[in-house]
Amino acid sequence: MRVNCTINGKDMEADDVWEGESLLYLLRERMGLPGSKNACEQGECGSCTVYLDGVPACACLVAAGQVEGREIRTVEGLAEGDKLDPMQEAFVECGAVQCGFCTPGLVVQAHDLIERVPNPSDVEIRESLAGNLCRCTGYEKILDAVRLAATRKAEAK
């Protein structure tokens, strides 16, 4: 089957897509976008989180055929050219990036949070990131990064 969709603002097309192929596979293997990580393949860890029509979704749980005509935004799509998104910058500055496996999903989920809730409380941050698992950081640096990005976003307005 052929799949046509918009990925990070560009119209994309993939041929010979298998019906059971995941969006995650489509992104990583067919479109050359390795940012979303393949960890659990069961929607439990959040490392493959992307925006699907503006809503965070686990790309491992979405069949590639379901994205026909839809819009996907990956962690790569948050940056504007060489300029990182403020959330990406905050993760780097706060040391919230360790092994990096969970980072793309956390960045996308945290980005969504501060788009919806400009000044989230710690409880709101924790609830928003509850579906994203990290084994390396202990989460404090991740929380620091979300707070920093939210503060900078508020100051920029």
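The structure we're discussing is the one just above.
Source: prediction; values computed, not measured.

Before we go on, may I ask you to explain the overall build of the protein chain in this structure?
Helices and strands together make up the secondary structure of the protein chain, namely 5 helices and 5 strands. Going residue by residue from the N terminus, the α and β elements of the protein chain occur as β-β-α-β-β-β-α-α-α-α. Its C-alpha atoms give the protein chain principal-axis dimensions of about 45 × 35 × 25 Å. Relative to its full complement of 157 residues, the protein chain shows a buried share of 44%. In the protein chain, of all internal contacts separated by at least 6 residues, the share reaching a separation of at least 24 is 56%. For the protein chain, the exposed area adds up to about 8,300 Å²; of that, 48% sits on carbon and sulfur atoms.

Any chance you could explain the side chain of Asp112 here in plain terms?
Checked against the element boundaries, Asp112 lands in helix 3 (residues 103-116). Taking relative accessible area as the criterion, Asp112 reaches 8% and is therefore assigned buried. The contact partners of Asp112, leaving out residues within four places of it in the chain, are Tyr51, Gly54 and Pro56.

So what exactly am I meant to see when it comes to a nonpolar patch on the surface here?
On the surface, Leu84, Val92 and Val97 cluster together to form a nonpolar patch covering roughly 240 Å² of accessible area. For Val97, the position within the fold is in the loop between helix 2 (86-93) and helix 3. Residue class for Val97 comes out partly exposed when judged on its relative accessible area of 38%.

Even after reading the chapter, I still don't get the layout of surface pockets, so can you show me in this structure?
Over the atoms rolls a probe the size of a water molecule, and its path tells where empty space is left. Volume-wise, the largest pocket comes out at about 210 Å³. Lining of the largest pocket is provided by Ala39, Cys45, Ser47, Cys99, Phe101, Cys102, Leu133, Cys134, Arg135 and Cys136. By residue class, the composition of the lining of the largest pocket is 8 nonpolar, 1 polar and 1 charged. Roughly 180 Å³ of volume is contained in the second largest pocket. Taken together, 13 residues line the second largest pocket, and the ones lying closest to its centre are Val75, Gln88, Thr103, Pro104 and Val107. Broken down by secondary-structure element, the contributors of at least two residues to the lining of the second largest pocket are helix 2 and helix 3. Partitioning the lining of the second largest pocket into residue classes produces 7 nonpolar, 4 polar and 2 charged.

Can you help me understand the pairing of strand 4 (residues 55-58) in this one?
Working note: regular strand, side chains alternate between the two faces of the sheet. Taken together, the 4 bridges between strand 3 (residues 49-52) and strand 4 define a ladder with antiparallel strand orientation. Within strand 4, the position partnered with Tyr51 by the bridge is Pro56. From the end of strand 3 to the start of strand 4, which pair antiparallel, there are 2 residues, and Asp53 there has a positive phi angle of about 50°.

Parameters at a glance
- Residues numbered from 1 in each chain as written.
- Predicted model: local features only at pLDDT ≥ 70, side-chain atom pairs only at ≥ 80, totals over all residues.
- Heavy atoms only, no water.
- Helix = DSSP H or I, 4+ residues; strand = E, 2+ residues; numbered from the N terminus.
- Buried < 20%, exposed > 50% of the residue type's maximum accessible area, 1.4 Å probe, protein only.
- Contact = heavy atoms within 4.5 Å.
- Areas by Shrake-Rupley, 256 points an atom, 1.4 Å probe, with all protein chains shown as cover.
- Patch = residues over 30% accessible without salt bridge, like charges linked within 9 Å, V, L, I, M, F, W, Y side chains within 5 Å.
- Salt bridge = Lys/Arg side-chain N within 4 Å of Asp/Glu carboxyl O.
- 1 Å grid on protein atoms, 1.4 Å probe; cavity = no way out; pocket = protein on both sides within 12 Å on 5 of 7 lines; lining within 4 Å.
- Points joined across faces, edges and corners; volume = space filled by probe spheres on them.
- Nonpolar A, V, L, I, M, F, W, Y, C, P; charged D, E, K, R; others polar.
- Pairing = 2+ DSSP bridges.

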